[in-house]
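# Inside the fold
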Amino acid sequence: MNNQSILVTTTEKIPGKEYEIIGEVFGVTTQSKNFLKDFGAGLKSMVGGEIRSYTKMLEESREQAMIRLRESAQKLGADAVVMMRYDSGSIGNDMQSVVAYGSAVKYVAHNE
């Protein structure tokens, strides 16, 4: 199964599906910007406004965390991830860590 086919949702319930929880899954990445971009961001912070290089870094970090979350779910044999959340934090002065996490689930087949 392609890990892109693993449904990821922030909700607890998937309409029309019954499932069992098979474990917690995480996708983590830590990124930093180079000195020149940090210097430019420092100047921008003095006058205010969006610091686009950091916005882009965080968007890329969220994407990478989601890819890793799906990979983790796939390793467990999951069909989906429910209750997905993001969390982020700084490490030192120049690094940002992003984690995507949730509960991996396996659909339950009904014998009718």
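Residues numbered from 1 in each chain as written. Predicted model: local features only at pLDDT ≥ 70, side-chain atom pairs only at ≥ 80, totals over all residues. Heavy atoms only, no water.

### Details of the pairing of strand 4 (residues 95–107)
- Of the strand pairs in this sheet, strand 2 (residues 19–32) and strand 4 are connected by 13 bridges, and their pairing is antiparallel. When the sheet's bridge partners are listed, F26 is paired in strand 4 with Y101.
- Here strand 3 (residues 80–91) pairs with strand 4 via 10 bridges, running antiparallel. Note that in strand 4 the partner of S88 across the bridge is V98.
- Counting the residues that bridge the hairpin from strand 3 to strand 4 gives three residues, and of these G92 lies at a positive phi of roughly 65°. (Pairing = 2+ DSSP bridges. Helix = DSSP H or I, 4+ residues; strand = E, 2+ residues; numbered from the N terminus.)

### Considerations on the nonpolar core
- Ranked by internal contacts, the top residues of the largest apolar core, which has 13 residues, are V8, V25, L69, A73, V81 and M84.
- Those elements giving two or more residues to this core turn out to be helix 2 (52–75), strand 3 and strand 4.
- For this core, the leading source of residues is helix 2, giving four residues.
- Not counting residues up to four positions away in its chain, the partners in contact with M84 are V8, T9, T10, M66, L69, A100, Y101 and G102. (Core = buried A, V, L, I, M, F, W, Y, C linked by side-chain atoms within 4.5 Å. Buried < 20%, exposed > 50% of the residue type's maximum accessible area, 1.4 Å probe, protein only. Contact = heavy atoms within 4.5 Å.)

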